[in-house]
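Per-entry structural report
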Amino acid sequence: MKRIGYRLSGLVSPLLLLLAWHWAASAGLFPANLLIAPAAVWQTFVELCASGELPEHLAFSLLRLAQGFAFGSAAGLGFGLVLALSARVEAYCAPLFHTLRQLPSLALIPMFVLLFGIEELFKVAIVALTVFFPVALATAEAVRHIPQRYLEVARVYRLPWYSLLLSVALPAATPGIVTGLRIALTRAWVVLVACELLAADSGLGQMIEMGRQMLRIDVVMVGVVVTGVIGFTLDVGLRRVERRLSGWQSR
């Protein structure tokens, strides 16, 4: 019972925000074309779902996210392993890596548009880049913090390098790697929607931008709320995976 009450307590702040939103819209604190009542936004959400417009835009966005996340996480995982296990790679590549990871992905959008245009490759590439650095950093740090006794046992058994990676390094570093994946996924989602706002002909960001141009604030609010809910769901899903892996490691 106590656990159920604790979980339901997370609904308090959204409900308070919803009530404040309803009160502000009803009281006329802002012009009606700037602040739409929650009921009107819900009605627009239902209409967009019924027409298929929202599911179509959402499918484009999630497909881009999945593709970019797959490429970026695979590259980040591989580079992070090599960076942690090879002193030579760290000496040559670490300074440049730590410099480039400070650059915000959004600042690179103009360059990526010039390189790839505004087609699908541009969105997938910017998502992959956004994912690469957090995953590589988390992987490198997780591998560096593997208990030395694991590596000593591997040396005793004279495991080849691929067995060291697959049987020792990756399993021991998995909780830390999942943390990096969680951070990278939510960050990539935000960057993707921002890219779609600026240069896209489909996706949630483009739906929001079209709503703004047509002065359909209800459509804009639907896009904003859906974006937040999707980001929250992705984060919660990977948090649960992270918690289970951490619990398994502590046993």
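Residues numbered from 1 in each chain as written. Predicted model: local features only at pLDDT ≥ 70, side-chain atom pairs only at ≥ 80, totals over all residues. Heavy atoms only, no water.

- Going by the annotation in an unreviewed UniProt entry, the name recorded for the chain is ABC transporter permease, with Pseudomonas oryziphila given as the source organism.
- In the Subcellular location (unreviewed entry) part of its UniProt record, the chain is described as follows: "Cell membrane".
- Entered under Sequence similarities (unreviewed entry) in the UniProt record, the comment concerning the chain runs "Belongs to the binding-protein-dependent transport system permease family." (UniProt positions renumbered as here; feature names shortened; annotations may be inferred.)

1. Some remarks on the overall build of the chain
- When its secondary structure is counted, the chain shows 11 helices and zero strands.
- When the helices and strands of the chain are listed from N to C terminus, the series reads α-α-α-α-α-α-α-α-α-α-α.
- Within the chain, the fraction of its 251 residues that count as buried is 38%.
- Counting contacts in the chain only where the partners sit at least 6 residues apart, residues at least 24 apart contribute 70% of the total.
- Surface accessibility of the chain: about 15300 Å² in total, with carbon and sulfur atoms responsible for 69%. (Helix = DSSP H or I, 4+ residues; strand = E, 2+ residues; numbered from the N terminus. Buried < 20%, exposed > 50% of the residue type's maximum accessible area, 1.4 Å probe, protein only. Contact = heavy atoms within 4.5 Å. Areas by Shrake-Rupley, 256 points an atom, 1.4 Å probe, with all protein chains shown as cover.)

2. Observations regarding the packing of aromatic side chains
- The tally for this structure, following the rule as stated, stands at seven aromatic pairs.
- The structure contains a cluster of three or more aromatic residues connected by ring pairs, namely F79, F97, F132 and F133. (Phe/Tyr/Trp six-rings, centres within 6.5 Å; stacked < 30°, edge-to-face > 60°.)

3. Observations concerning the confidence of the model for the chain
- Counting all residues, the mean pLDDT for the chain is 84, and 85% of those residues have values of 70 or more.
- Confidence, expressed as mean pLDDT per element, reaches its minimum in the chain at helix α1 (residues 2-8) with 59 and its maximum at helix α4 (residues 53-85) with 93. (pLDDT = per-residue confidence, 0-100.)

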